[in-house]
Amino acid sequence: MPTRDNAGWRWATVCAALGALAVALGAFGAHGLEDAVTARRLQTWETAASYHGLHALAGLAAGVVVALTGSPLSLWAARLFVLGIVVFSGSLYTLVLTDTAMLGAITPLGGVAFIAGWLVLAFALWRQQSGER
């Protein structure tokens, strides 16, 4: 397999590790928090873990695109997915663990990062198929 861009492989590696973390945190929520938090907070944790896992996969894909094509836009997509995980899922995990509801105010910023990551990745792939970089 070609190794055109080591930054892409690094981001793919980070996102693969984030995927493992999503599974571990999801399991912790299901088994470790079941009797410790309200049902609503447990649902919040599950939302955080679901978005975390999905966007770890998206970041992994973006990293592989960067590695294979050198696409700087795909690199930005990977960064945005990781930022979204940290802000969106991280704020929800922290909200559940600390019962600090005001953390929910920053959660949408992570959602914006996720949306931006998808749009940037779509644009990068569109440019790639049209022969641009």
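My aim in this report is to walk through the structure given alongside it, one point at a time.

Here a ring pair, both rings aromatic, is described through the centre-centre distance and the interplanar angle of the planes. For the structure shown, the criterion picks out seven aromatic pairs. Considering the side-chain rings of Trp-45 and Tyr-93, the 4.6 Å spacing of their centres and the 50 degrees angle between planes classify their relative orientation as tilted. Of this pair, Trp-45 sits in helix α2 (residues 39–69) while Tyr-93 sits in helix α3 (residues 72–98), placing them 48 residues apart in sequence. Using a relative accessible area of 2% as the deciding quantity, one classes Trp-45 as buried. With relative accessibility at 8%, the residue Tyr-93 sits in the buried group.

Looking at where Arg-41 falls in the secondary structure, it is placed in helix α2. The buried category is assigned to Arg-41, whose relative accessible area is 18%. Beyond its immediate sequence surroundings of up to four residues, Arg-41 is in contact with Leu-95, Val-96, Asp-99 and Ala-101.

A separate point is unusual backbone geometry. At Asp-99, a position not held by glycine, the phi torsion is positive, near 55 degrees. Mapped onto the elements, Asp-99 comes out in the loop between α3 and α4 (107–129). The class for Asp-99 is exposed, based on a relative accessible area of 53%.

To continue, consider the packing of α2 against α4. Put simply, α2 and α4 touch, their axes get as near as 11 Å, and they point 30 degrees apart. Considering the angle they form, α2 stands roughly parallel to α4. When the axes of α2 and α4 are compared, the crossing they make is left-handed. In this structure, α2 contributes Tyr-51, His-55, Ala-58, Ala-62, Val-65 and Thr-69 to the contact, and α4 contributes Phe-114, Trp-118, Leu-121, Leu-125 and Gln-128. In terms of residue class, the contact of α2 with α4 is made up of eight nonpolar, three polar and no charged.

Definitions and cut-offs
- Residues numbered from 1 in each chain as written.
- Predicted model: local features only at pLDDT ≥ 70, side-chain atom pairs only at ≥ 80, totals over all residues.
- Heavy atoms only, no water.
- Phe/Tyr/Trp six-rings, centres within 6.5 Å; stacked < 30°, edge-to-face > 60°.
- Helix = DSSP H or I, 4+ residues; strand = E, 2+ residues; numbered from the N terminus.
- Buried < 20%, exposed > 50% of the residue type's maximum accessible area, 1.4 Å probe, protein only.
- Contact = heavy atoms within 4.5 Å.
- Axes fitted to C-alpha atoms, helices over the stretch in contact; angles between N-to-C directions.
- Parallel < 35°, antiparallel > 145°, perpendicular 65-115°, else oblique.
- Left-handed = near helix turned anticlockwise from the far one by under 90°.
- Nonpolar A, V, L, I, M, F, W, Y, C, P; charged D, E, K, R; others polar.

It is worth stressing that arrangement in space is one thing and function is another; only the former is reported here.
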